[in-house]
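Below, each chain spelled out in residue letters.
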Amino acid sequence: MHETTTLLIEVGALLFLLGLLGRLGRRIGLSPIPLYLLAGLAFGHGGVLPLAASEEFFAVGAEIGVILLLVMLGLEYSAGELVGNLRSAAPAGLIDGVLNALPGAAFAFLLGWDWVAAIVLGGITWVSSSGVIAKVLADLGRLGNRETPVILSVLVIEDLAMALYLPLLTAVLAGSGLLGGGIALGVAVGAVVLVLVVAIRYGHLISTALSAKDPEALLLGVLGLTLLIAGLAAKLQVSAAVGAFLVGIALSGPVAHHATEMLSPLRDLFAAVFFVFFGLVTDPRDIPPVLLPALALAVVTMGTKTITGYLAARRVGIAEPGRWRAGLALVPRGEFSIVIAGLAVAAGSVEPKLAALATAYVLITVVTGPMLARLPDFAWFKVWLRQRAVRQRAKALASTD
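What you are looking at is a predicted structure, and each value in this text was computed from that prediction instead of being measured. Position numbers for residues count from 1 along each chain, tracking the sequence in the order it is written. Confidence filtering applies because this is a predicted model: local features only for residues at pLDDT of at least 70, side-chain atom pairs given and counted only at 80 or more, and all residues used for totals across whole chains, interfaces and linings. Each side-chain value is worked out from all heavy atoms of the structure, with water and hydrogens disregarded.

Participant: I'd like a description of the pattern of salt bridges, backed by residues and values.
Facilitator: A side-chain nitrogen of Lys or Arg and a carboxyl oxygen of Asp or Glu constitute a salt bridge if their distance falls within 4 Å. Enumeration according to the criterion identifies 9 salt bridges in this entry. Note that Asp96 and Lys305 form a salt bridge whose closest N and O atoms lie 2.9 Å from each other. A residue pair is termed long-range when its members are at least 10 positions apart, and Asp96 in helix α4 (residues 79–110) and Lys305 in helix α13 (residues 291–315) qualify at 209 residues. The residues Asp96 and Lys305 share a single accessibility class, namely buried. Arg323 is the salt-bridge partner of Glu320, the closest N and O atoms lying 3.3 Å from each other. Placement of the pair is Glu320 and Arg323 together in helix α14 (residues 320–329), with a separation of 3 residues, close to one helical turn. In DSSP terms, a helix is any run of H or I states spanning at least four residues, a strand is any run of E spanning at least two, and both are numbered starting from the N terminus. The classification of residues rests on relative accessible area computed with a 1.4 Å probe and restricted to protein chains. Under 20% of the type maximum is buried, over 50% is exposed, and intermediate values are partly exposed.

Participant: Give a detailed account of helix α5 (residues 115–126), specifying residues and quantitative values.
Facilitator: In this analysis, the expected span of each helix is defined as 1.5 Å times one less than the number of residues it contains. The terminal C-alpha atoms of α5, which comprises 12 residues, lie 16 Å apart, in line with the 16 Å expected from a rise of 1.5 Å per residue. Turning to α5, its buried residues number three or more, namely Val116, Ala117, Ala118, Val120, Leu121, Gly122, Gly123, Ile124, Thr125 and Trp126. Pairs of N or O atoms are called polar contacts if they sit within 3.5 Å, as long as, within protein, a hydrogen donor faces a hydrogen acceptor (for residues adjacent in sequence, only side-chain-to-side-chain pairs). For α5, the N-terminal capping position is held by Asp114, with its side-chain oxygen 3.3 Å away from the main-chain nitrogen of Val116.

Participant: Could you give an account of the packing of helix α3 (residues 55–74) against helix α6 (residues 130–139), naming the residues involved and the relevant values?
Facilitator: In this analysis an axis means a line fitted to C-alpha atoms, helices contributing only their contacting stretch, and an angle means the value between N-to-C directions, from 0 to 180 degrees. α6 packs onto α3 with a crossing angle of 55° between their chain directions and a minimal axis gap of 9 Å. Between α3 and α6, the angle is such that the two are oblique. Both α3 and α6 take part in a crossing whose hand is left-handed. Contacts between α3 and α6 pair Leu69, Leu70 and Leu73 from the former with Ser130, Gly131, Ala134 and Lys135 from the latter. For the contact of α3 with α6, the class distribution of residues is 4 nonpolar, 2 polar and 1 charged. Reported orientations rely on four angle classes, namely roughly parallel under 35 degrees, roughly antiparallel over 145, roughly perpendicular from 65 to 115, and oblique for the rest. It is the rotation of the near helix from the far one that decides the hand of a crossing: anticlockwise by less than a right angle makes it left-handed, clockwise makes it right-handed. Contact between two residues is taken to exist if any of their heavy atoms lie within 4.5 Å; hydrogens are not considered. Classification convention: Asp, Glu, Lys, Arg as charged; Ala, Val, Leu, Ile, Met, Phe, Trp, Tyr, Cys, Pro as nonpolar; all other residues, Gly among them, as polar.

Participant: Give a detailed account of the packing of α3 against helix α12 (residues 253–280), specifying residues and quantitative values.
Facilitator: Orientation of α3 relative to α12, taken along the N-to-C sense of each, is 135°, at an axis distance of 6 Å. When the interaxial angle is binned, α3 and α12 end up oblique. Crossing of α3 against α12: the hand is left-handed. On the side of α3, the interface is formed by Glu55, Phe58, Ala59, Gly61, Ala62, Ile64, Gly65, Val66, Leu68, Leu69, Val71 and Met72, while α12 contributes Thr260, Leu263, Ser264, Leu266, Arg267, Phe270, Ala271, Val273, Phe274, Val276, Phe277 and Leu280. Residue composition of the contact of α3 with α12, by class: 18 nonpolar, 4 polar and 2 charged.

Participant: Go over the packing of aromatic side chains, please, and point to the residues and values.
Facilitator: Put simply, two rings from Phe, Tyr or Trp (the six-membered ring, in Trp's case) pair if the centres are within 6.5 Å, and we call them stacked under 30 degrees between planes, edge-to-face over 60, tilted for the rest. The full count for this structure, using the stated rule, is 6 aromatic pairs. Pairing Trp324 with Phe381 gives two aromatic rings, centres 5.9 Å apart and planes at 80°, and the pair type is edge-to-face. Separated by 57 residues along the polypeptide, Trp324 in helix α14 and Phe381 in helix α17 (residues 379–400) bring together distant segments of the chain. Across this residue pair, the class does not change: Trp324 and Phe381 are buried.

Have a look at this one:
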């Protein structure tokens with residue numbers, strides 16, 4: 001009974017604090033994500049007042065938060081739009097992998113680490129945080145923007161790539177060899193194809209089974225189905241985020257509309273829990289020794305990720321402001337990067353400093369990412385874009401003379 005009481009006090013106090021921080025962030029025009037992270041750091045391992053009793057609650061809540069963020073994104077789009085966007089974004093996905101995985105791998109070699117650490121760090125710098133980006137897009141009111149499908153396509157390609165990368169990485173870390181890695185890859189590919197086929201071909205049957213006229217049944221049905229598919233996807237070594245996203249894609253019509261309205265408050269609650277938990281499990285004392293290398297790596301890969309989004313948006317004809325919004329929105333790394341670092345540390349076969357470096361790197365990108373995403377909304381940035389457009393037109397006219 002005492003433990004339950006302590007849990008209620010810790011969770012209640014922290015959620016109340018998050019409410020105040022969220023209101024403060026919006027009043028000063030700042031995304032609440034960095035404030036949630038700093039709250040987690042203050043009350044986590046090595047913080048000013050560690051909260052031990054509620055850590056398990058926040059761990060489960062964080063998992064649910066990512067799943068809800070992704071299912072809500074999926075509800076914004078149809079299966080046809082997903083397939084079309086994936087086809088058009090395939091070259092951008094390739095550019096994304098080259099521009100963002102190679103710097104991480106090269107950085108590992110510069111630090112004198114081995115090829116296994118290079119593979120791990122390449123994965124950490126490659127994949128953006130779907131959870132953070134989904135929250136930023138919702139906070140900034142950009143879910144309906146023209147560049148948002150481009151951003152989502154890059155994220156989905158990354159998540160699908162992670163469904164192949166993680167089993168291979170696990171096999172490499174375990175020393176399973178070529179055969180073990182091939183088997184893991186085969187299972188992952190089969191699972192991804194199965195989930196895609198079910199979502200695209202039979203999504204209308206799922207929508208029919210869930211009535212939009214009964215709010216309680218609809219809420220329980222959509223939430224239960226999302227958690228079930230996400231859990232099964234994770235069991236099959238496929239990203240739980242991919243499973244949740246595809247559930248959202250599968251739902252359509254009035255069911256999708258009403259599900260969006262009912263899940264929005266839950267998404268906001270558990271998304272905040274996700275960001276707090278990230279801070280809770282980070283010991284601030286581990287960060288200073290690796291801060292400079294992490295900062296250098298973050299600066300390089302924030303630039304390459306911005307280039308990725310910019311090129312992807314330009315390729316489909318998005319105007320200049322939308323290209324910058326797409327590029328800067330993709331900056332944050334998060335849940336996958338931490339998962340990759342966790343796998344490496346658990347295996348015990350990589351450089352011990354890698355976990356601290358990954359944590360500092362992710363914190364830098366997660367704190368600065370939401371701030372950078374707001375740059376295209378500032379008046380001075382819009383003036384700079386107009387001046388840039390004028391210079392480009394003048395240069396083009398001069399070249400034709």
